[in-house]
Amino acid sequence: MTRVLVTGVRGKTGSPLAELLAPRPGVEVLGGSSDPATVTVDGVRPTAFSWDDPSGWPAATDGVDAVYVVRPDRADAPELIGALLDRTPARAHVVLLSEQDADSVGPDGWALRAERAVRGSGRSWTILRPSWFMQVFTDPRFYRDRLVDTGELPFASGGASVAWIDARDIAAVAGRALLDEGHAGRVYELSGPEPLSLPRTAELLSRAAGRPVVHREVSIDDAIAGTGGFERELTALTFERVQAGVFAVVTDTVHGVTGRPARTLEAFLAGSGPVLGRAA
Ligand SMILES: NC(=O)c1ccc[n+]([C@@H]2O[C@H](COP(=O)([O-])OP(=O)(O)OC[C@H]3O[C@@H](n4cnc5c(N)ncnc54)[C@H](OP(=O)(O)O)[C@@H]3O)[C@@H](O)[C@H]2O)c1
């Protein structure tokens, strides 16, 4: 039996990853969440896991052969990840969810420091560096409610495109990296199949929602309004990277690792009409 801890199991990549792994024969999936009572994926064992409570880490990592680490977006992420891996069995393979072109991200190279905590952990590792997720359009914690309520997609693109990636494709790559041979020591830059401008993205969202959605170009100051501290700094840097075209870069790594091409935004949105408020 291969025991896998999936942190962030309620999240955009953790949830499809758990769904993918749970039916696999010989695989036991521990679904890590700060709110395990809400973990309802069939065949997944809900497991208390919170970055704020290291006392729960030994139980969550007990006997695991592999761990999927969803990087927490907080200033102390590099230290937290290092401390978690110290308490993880030495034989465990670690797959870290980082982000595209992480070399230049965050205060003092924060994203790179988070990756270094994994590289220097003494465990075998794979690092995933994805572009922006398509699921930001359907997640109520991101753009979904704004799209439905106002028909607007406010986004500080600076005219640059984004090669949106389906989080299920990231999960598929993570699943391979967690269970199969040949992924140790690899850094995978992951993107969707095509760079899309924000007006084109809004056009595709309009079609899926069955009513107009328009892109509204905003400044980075507008985009970070209402945020503070580390989140503010990280969000501002992220939009600077958007505007520099970092997330427009297309790779064929999803295809290379999983054997099938990355999903298009059109294909993703085909099933998302109801979530985007499309009338039945
Ligand atoms: N979003 C993107 O486009 C994108 C792109 C590239 C990289 N990344 C990176 O990927 C990592 C994960 O980011 P994410 O945006 O995809 O977050 P996420 O995994 O969707 O959510 C993160 C965590 O938020 C908690 N959570 C709180 N309320 C929730 C709710 N109602 N439903 C589901 N989860 C809830 C969950 O942890 P608990 O269950 O423990 O509370 C969940 O695992 C970050 O490091 C981010 O920088 C994101």
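Residues numbered from 1 in each chain as written. Predicted model: local features only at pLDDT ≥ 70, side-chain atom pairs only at ≥ 80, totals over all residues. Heavy atoms only, no water.

Let's talk about the packing of helix α1 (residues 14–21) against helix α6 (residues 167–179)
Running from N to C, α1 and α6 point in directions that differ by 50°, and their axes come no closer than 8 Å. The angle between the axes of α1 and α6 places the two elements in the oblique class. In the crossing of α1 with α6, the sense of the turn from one axis to the other is right-handed. For the pair α1 and α6, contact is made by Pro16, Leu17, Leu20 and Leu21 and by Ala167, Arg168, Ala171, Ala172, Ala174, Gly175, Leu178 and Leu179, respectively. (Axes fitted to C-alpha atoms, helices over the stretch in contact; angles between N-to-C directions. Helix = DSSP H or I, 4+ residues; strand = E, 2+ residues; numbered from the N terminus. Parallel < 35°, antiparallel > 145°, perpendicular 65-115°, else oblique. Left-handed = near helix turned anticlockwise from the far one by under 90°. Contact = heavy atoms within 4.5 Å.)

What to know about the layout of surface pockets
There is about 1,700 Å³ of room inside the largest pocket. Taken together, 48 residues make up the lining of the largest pocket; nearest its centre are Lys12, Arg71, Asp73, Arg141 and Phe142. Of all the secondary structure elements, the ones that give two or more residues to the lining of the largest pocket are β2 (27–33), β7 (152–155), α8 (220–223) and α9 (229–243). In terms of residue count, α9 provides more of the lining of the largest pocket than any other element does, six residues in total. Partitioned by chemical class, the residues of the lining of the largest pocket number 22 nonpolar, 14 polar and 12 charged. The computed volume of the second largest pocket comes to approximately 180 Å³. Along the walls of the second largest pocket sit 13 residues, with Pro16, Leu20, Arg168, Ala171 and Ala172 positioned nearest its centre. If you list the elements that add at least two residues to the lining of the second largest pocket, you get α1 and α6. Among the residues making up the lining of the second largest pocket, the classes are represented as five nonpolar, two polar and six charged. (1 Å grid on protein atoms, 1.4 Å probe; cavity = no way out; pocket = protein on both sides within 12 Å on 5 of 7 lines; lining within 4 Å. Points joined across faces, edges and corners; volume = space filled by probe spheres on them. Nonpolar A, V, L, I, M, F, W, Y, C, P; charged D, E, K, R; others polar.)

Things to note about empty space enclosed by the protein
Vacant regions in the atomic arrangement are exposed by a probe of water-molecule size rolled over the atoms. Applying the stated rule across the entire model yields one cavity of 30 Å³ or more. There is about 30 Å³ of room inside the largest cavity. If you go around the largest cavity, the residues you meet are Leu147, Leu205, Ala209, Arg211, Val213 and Leu276. Split by residue class, the lining of the largest cavity holds five nonpolar, no polar and one charged.

Digging into the site of the ligand
Residues in contact with the ligand amount to 19 residues; listed here are only the nearest, Arg10, Ser33, Ser34, Arg71 and Asp73. Interatomic distance of 2.5 Å between a side-chain N/O atom of Ser33 and an oxygen atom of the ligand. Arg141 has a polar side-chain atom sitting 2.9 Å from an oxygen atom of the ligand. For the ligand, the protein covers 75% of the area, taking 870 Å² as the surface of the free molecule. When atom positions are compared with the pocket grids, the ligand is found to occupy the largest pocket. (Near = heavy atom within 4 Å. Polar contact = N/O pair within 3.5 Å; in protein donor to acceptor, adjacent residues only side chain to side chain. Areas by Shrake-Rupley, 256 points an atom, 1.4 Å probe, with all protein chains shown as cover. Sits in = over half its atoms within 2 Å of the grid points.)

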